[in-house]
Amino acid sequence: MPGAGGRLLPEGIRQAVGKGAAEQSVAAQLRQMEARKQLAANPVDMKPGLGADVAQGLASAVEMVPPAIASMVVRNPAPLVAYFTMRSGGQGYGEAMKAGAGTDTARAAAGLYAAAEAVTEAVAGKVFVEGGKTLIRSVLKSAAVEGLTEGVTEAIQALVDSQVIGEDMTLEQALDRIKSASVGGAVAGAPIAAITHAMRGG
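Thresholds, definitions, all that
- Residues numbered from 1 in each chain as written.
- Predicted model: local features only at pLDDT ≥ 70, side-chain atom pairs only at ≥ 80, totals over all residues.
- Heavy atoms only, no water.
- Helix = DSSP H or I, 4+ residues; strand = E, 2+ residues; numbered from the N terminus.
- Expected span 1.5 Å × (residues − 1).
- Bend = angle between axes of the 7 residues up to and from the residue.
- Buried < 20%, exposed > 50% of the residue type's maximum accessible area, 1.4 Å probe, protein only.
- Polar contact = N/O pair within 3.5 Å; in protein donor to acceptor, adjacent residues only side chain to side chain.
- Axes fitted to C-alpha atoms, helices over the stretch in contact; angles between N-to-C directions.
- Parallel < 35°, antiparallel > 145°, perpendicular 65-115°, else oblique.
- Left-handed = near helix turned anticlockwise from the far one by under 90°.
- Nonpolar A, V, L, I, M, F, W, Y, C, P; charged D, E, K, R; others polar.

(A) Geometry of helix α5 (residues 103-130). With 28 residues, α5 extends 40 Å from end C-alpha to end C-alpha; this agrees with the ideal 40 Å at 1.5 Å per step. E121 marks the point of greatest bend in α5, at about 25°. Count one or two residues on from α5 and you reach G131, which has phi positive near 65°.

(B) Region of interest: the environment of R87. One can find R87 in helix α4 (residues 78-98). Using a relative accessible area of 31% as the deciding quantity, one classes R87 as partly exposed. Residues R87 and E117, spaced 30 residues apart in sequence, show a C-alpha to C-alpha distance of 9.2 Å. Side-chain polar atoms of R87 contact the side chain of E63, separated by 2.7 Å.

(C) Up close: the packing of α4 against α5. Between α4 and α5, the shortest axis-to-axis distance is 7 Å and the interhelical angle comes to 150°. The angle between α4 and α5 places the two elements in the roughly antiparallel class. Like other packed secondary-structure pairs, α4 and α5 cross with a definite hand, here right-handed. Residue composition of the contact of α4 with α5, grouped by class: 14 nonpolar, seven polar and four charged.

What is shown is where atoms sit, not what they do.
Below, the structure written as structure tokens:
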């Protein structure tokens, strides 16, 4: 369904996401190539599982720091949402192109990835900005919400991979992706909540 992205996003936004996604995809591919070189030079035995999910969550937390701080400065989750929406769109575009899909399908995948991320990140971003009355409440609330929203996002993106891009994926593989995303999201949400809580003067 090549037009799916267009139905969810206005034409101007869809074109911007498509263009940005292509640029993000190229940058992501270069980063992945560099990461593969480093891994080849310094192999690490990190098998899929809880340890890998936690490690991914910590890496995501580091990536979230700049847009989270920007969101706290303006007291609005918009910077956080914008950053991860564009990043997710690039990921969707890259996944489609890697699978051999055409440009239209890749743009549709980018739009759907971006739309899913925009909605769920807006929810999580609002929680980061508002926080809780105490540090513990802020951390627990944000970890729970970030874990839940990341799981929902991954579920939608797995559906896009299967139904739009045409990836061969079993239910077990999809559920494993959702589990990993949820754990990683919860791990990432905790330190970001601590940072945003401190910025609120908590």
